[in-house]
Amino acid sequence: MPRPDPDLVARLRAAGCVFAEDEAALLATAADGPEREALVRRRIAGEPLEHVLGRVDFDGLRVRITPGVFVPRRRSEALVHAAVAALPDLAPGHRPLVVDLCCGCGALGLAVARRAAADRHGADRHVADSRAADSRAVDLHAADVDPVATACAAANLAGIGTVHTGDLFAALPGRLRGRVDVLVANTPYVPSGAIASMPPEARDHEPRAALDGGADGLGPARRVAAGAGEWLAPGGTLLIETGTAQAPVLAEVFTAHGLTARIGTDDDRGATWVQGRAPR
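Computed from a predicted structure; not experimentally measured.

Caption draft 1: Representation of the pairing of strand 1 (residues 55-58). Side chains Val56 and Phe58 project from strand 1 onto a buried face, and the interleaved Arg55 and Asp57 project onto a face without burial. Alignment of strand 1 against strand 2 (residues 61-64), held across four bridges, turns out to be antiparallel. Opposite Asp57, over in strand 2, you have Arg62 as the bridge partner.

This is how it looks when you write it as C-alpha cells:
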C-alpha cells in the first residue's frame, strides 16, 4: 500500500485520530478528489471512521454500516465464537434456530451464520465474499428497536436471515417461542451516568439507545434474561455481552430466572459475557 499523504496524516492527527496513518490510507483508497475531501472533513469533524467509510471489519467479514447505527466492537467477536460453540448438533435437514437481539447492523448474526456454514463444510474459513456457500446453516432471526439499524441489518442479512423491528422479544414472531437454540444479545451496558465520559465518536454519533444500559448498565440485560426462558428451546443457550464488574451481578440474574449461568472471558479481545443454559 502506498505511503499515505503526509498532509492528510497531519490533518487527521491534529483532529485527534490516534491511528492517523492507517486512517489516511483507508480514506485515500475510498474515494478521489472532492469526494475524498468530503469524507476527510466528516472524519475530522468526529464522525466514526466506520460511518465515513460505510463499512466495518468484523470477525473477518466486511459489514455494511450506515450513519446513526451502532458500530460493532472487536470484543463482540468473542460472543460470536461462544454462540457457534453452543449450537446444538441436530438431525440432518434441521437447522439450529439463532436469534440476535439488539442486532444493530446485524454483524453478530451474520458472523454466527458464516461460521456455522464454514463448520458445516468442515473448514474454519471465512466466506465473506461468497454467497455460494451454505449460509443457511442456521435459521437466523435478528431484531432491533431502531428502524435505521434494522434497515442496515436487512441489507447485510439478505438471503441469510430475517430481520424484525421492535422492542426485544416483542419484535419476534410468536412461532419462535420455545424454539430458540441460541439467543445472543449485545444489549447496551454503559451506565447512564457514564455516557457523558464516552469518546465523542460514540457519544455523539451512535444512538443513545444502543449505549445506555440504565443506572447500573444492566437494565436491558435484565429484561432479556427475564424473558428468555419463554423463547429458549429446552437446553437452549442465552449469551449476553457485559462489563467485567457487571458479570457476577448478571450471572445472578440468569440464575434467578432458571438458567444455569457461567461467565465467559476472552482476554485477547477484552471481552466478557454471561452464558446461560435453559433446563432440558
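Caption draft 2: Up close: the state of the cysteines. In total, this model carries zero disulfides according to the counting rule given. No disulfide involves Cys103; its nearest neighbouring cysteine sulfur is the one of Cys105, lying 8.0 Å away.

Caption draft 3: Local environment of helix 1 (residues 6-14). Residues Leu8, Val9 and Leu12 constitute the buried set of helix 1. Projected down its long axis, helix 1 shows its buried positions confined to an angular sector of 100°, all on one face. Facing away from the buried side of helix 1 by more than 90 degrees, the exposed set consists of Pro6, Asp7 and Ala14. On the buried face of helix 1, the contacting elements are helix 2 (20-30) and helix 3 (33-44). For helix 1, the N-terminal cap is Asp5; the gap from its side-chain oxygen to the backbone nitrogen of Asp7 is 3.0 Å. Immediately downstream of helix 1, the backbone of Gly16 shows phi near 100°, a positive value.

Caption draft 4: Looking closely at the packing of helix 1 against helix 2. Running from amino to carboxyl end, helix 1 crosses helix 2 at an angle of 125°, the nearest separation of the two axes being 9 Å. Comparing the axis directions of helix 1 and helix 2 gives the class oblique. Pair helix 1 / helix 2 crosses with right-handed handedness. Between helix 1 and helix 2, the residues in contact are Leu8, Val9, Leu12 and Arg13 and Ala20, Glu21, Glu23, Ala24 and Leu27, respectively. The residue makeup of the contact of helix 1 with helix 2, split by class, is six nonpolar, no polar and three charged.

Caption draft 5: Just the side chain of Gln275, in detail. Here Gln275 is to be found in strand 9 (residues 271-277). On the basis of relative accessibility, which here comes to 10%, the residue Gln275 falls in the buried class. A polar contact of 3.5 Å, which involves the side chain of Gln275, links it to the side chain of Trp273. Among residues more than four places away in sequence, those in contact with Gln275 are Ala82, Ala86, Thr237, Leu238, Leu239, Phe254, Thr260, Ala261 and Arg262.

Caption draft 6: Region of the structure containing the packing of aromatic side chains. A complete count under the given rule lists one aromatic pair for this structure. Seen in terms of ring centroids, Phe169 and Trp231 are 5.8 Å apart; in terms of plane orientation they differ by 10°. Their pairing is stacked. Pair noted here: Phe169 is in the loop between strand 5 (161-165) and strand 6 (180-185) and Trp231 is in helix 9 (residues 219-231), with a separation of 62 residues, a long-range link. Note on accessibility: Phe169 and Trp231 belong to one class, buried.

Rules used throughout
Residues numbered from 1 in each chain as written. Predicted model: local features only at pLDDT ≥ 70, side-chain atom pairs only at ≥ 80, totals over all residues. Heavy atoms only, no water. Buried < 20%, exposed > 50% of the residue type's maximum accessible area, 1.4 Å probe, protein only. Helix = DSSP H or I, 4+ residues; strand = E, 2+ residues; numbered from the N terminus. Pairing = 2+ DSSP bridges. Disulfide = S-S within 2.5 Å. Arc of directions from axis to C-beta. Contact = heavy atoms within 4.5 Å. Polar contact = N/O pair within 3.5 Å; in protein donor to acceptor, adjacent residues only side chain to side chain. Axes fitted to C-alpha atoms, helices over the stretch in contact; angles between N-to-C directions. Parallel < 35°, antiparallel > 145°, perpendicular 65-115°, else oblique. Left-handed = near helix turned anticlockwise from the far one by under 90°. Nonpolar A, V, L, I, M, F, W, Y, C, P; charged D, E, K, R; others polar. Phe/Tyr/Trp six-rings, centres within 6.5 Å; stacked < 30°, edge-to-face > 60°.

These results come straight from atomic positions and should not be treated as a statement about function.
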